[in-house]
Amino acid sequence: MEKNKIAIISSDSEEAEIITYRLEKIITQSKPEEADLIIVIGGDGSMLHALHQYMHLDIPFYGINAGSVGFLMNEPHLENFLENINSSK
């Protein structure tokens, strides 16, 4: 998704802010309404909230765990992030 538009929605935890900062170095952010993908950084509650707020956009969501459990989320493997996103199509 190198040329696709990506929106980041992040919780306000310290870990989520660090992950967001690292992601912003490798992608250009878009508004959710203009995005091809929404990345949610936080816990399951953050994902559920984002799904509720933006599901009408009918675009994929990708969750990165920055919470304590995160059943709905992926581990933050940012080293190969764009390759991982591209292979998940």
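Residues numbered from 1 in each chain as written. Predicted model: local features only at pLDDT ≥ 70, side-chain atom pairs only at ≥ 80, totals over all residues. Heavy atoms only, no water.

## Overview of the overall build of the protein chain
Each helix and strand counted, the protein chain has three helices and three strands in total. In the protein chain, the succession of helices and strands from N to C terminus is β-α-β-α-β-α. Taking the principal axes of the C-alpha coordinates as reference, the protein chain spans close to 30 × 30 × 20 Å. Within the span of the protein chain, comprising 89 residues, buried residues form 40% of the whole. Across the protein chain, contacts joining residues at least 24 apart in sequence account for 57% of those joining residues at least 6 apart. When the accessible surface of the protein chain is summed, it comes to about 5600 Å², and 50% of that surface belongs to carbon and sulfur atoms. Counting 6 positive and 14 negative side-chain charges, the protein chain places the centres of these two groups 11 Å from one another. (Helix = DSSP H or I, 4+ residues; strand = E, 2+ residues; numbered from the N terminus. Buried < 20%, exposed > 50% of the residue type's maximum accessible area, 1.4 Å probe, protein only. Contact = heavy atoms within 4.5 Å. Areas by Shrake-Rupley, 256 points an atom, 1.4 Å probe, with all protein chains shown as cover. Lys, Arg positive; Asp, Glu negative; His and termini not counted. Charge placed at Lys NZ, Arg CZ, Asp CG, Glu CD.)

## Considering helix H2 (residues 44–54)
Within H2, burial applies to Asp44, Met47, Ala50 and Tyr54. Axial view of H2: buried residues confined to an arc of 125°, hence all on one face. With respect to the buried face of H2, the exposed residues turned more than 90 degrees away are Gly45, Leu48, His49 and His52. On its buried side, H2 packs onto strand E1 (6–10), strand E2 (37–42) and strand E3 (61–65). (Arc of directions from axis to C-beta.)

## Section: the confidence of the model for the protein chain
Considering every residue of the protein chain, the mean pLDDT works out to 88; 94% of them sit at 70 or more. Looking over the protein chain, one finds the lowest element-wise mean pLDDT in helix H3 (residues 81–87), namely 77, and the highest in E1, namely 96. (pLDDT = per-residue confidence, 0-100.)

## Focus on a negative patch on the surface
A cluster of acidic residues, Asp12, Glu14, Glu15, Glu17 and Glu75, forms a negative patch on the protein surface. In this fold, Glu15 is placed in helix H1 (residues 14–24). (Patch = residues over 30% accessible without salt bridge, like charges linked within 9 Å, V, L, I, M, F, W, Y side chains within 5 Å. Salt bridge = Lys/Arg side-chain N within 4 Å of Asp/Glu carboxyl O.)

## Describing the pattern of salt bridges
Applying the stated criterion across every chain, the model contains one salt bridge. A salt bridge links Arg22 to Glu79, with the nearest nitrogen and oxygen atoms 4.0 Å apart. A residue pair is termed long-range when its members are at least 10 positions apart, and Arg22 in helix H1 and Glu79 in the loop between E3 and H3 qualify at 57 residues.

## Points about the nonpolar core
Taken as a class, soluble globular proteins show a tendency for nonpolar side chains to be buried jointly. The biggest cluster of nonpolar side chains holds 16 residues, and the ones touching the most others in it are Ile19, Leu23, Ile39, Ile41, Ile64 and Phe81. When residues of this core are traced back to their parent elements, those giving at least two are E1, H1, E2, E3 and H3. Residues in contact with Phe81, not counting those within four places in the same chain, are Leu23, Ile26, Ile39, Tyr62 and Ile64. Core analysis: the next-biggest nonpolar cluster, separate from the first, contains nine residues, Ala7, Ala35, Ile38 and Met73 among them. (Core = buried A, V, L, I, M, F, W, Y, C linked by side-chain atoms within 4.5 Å.)

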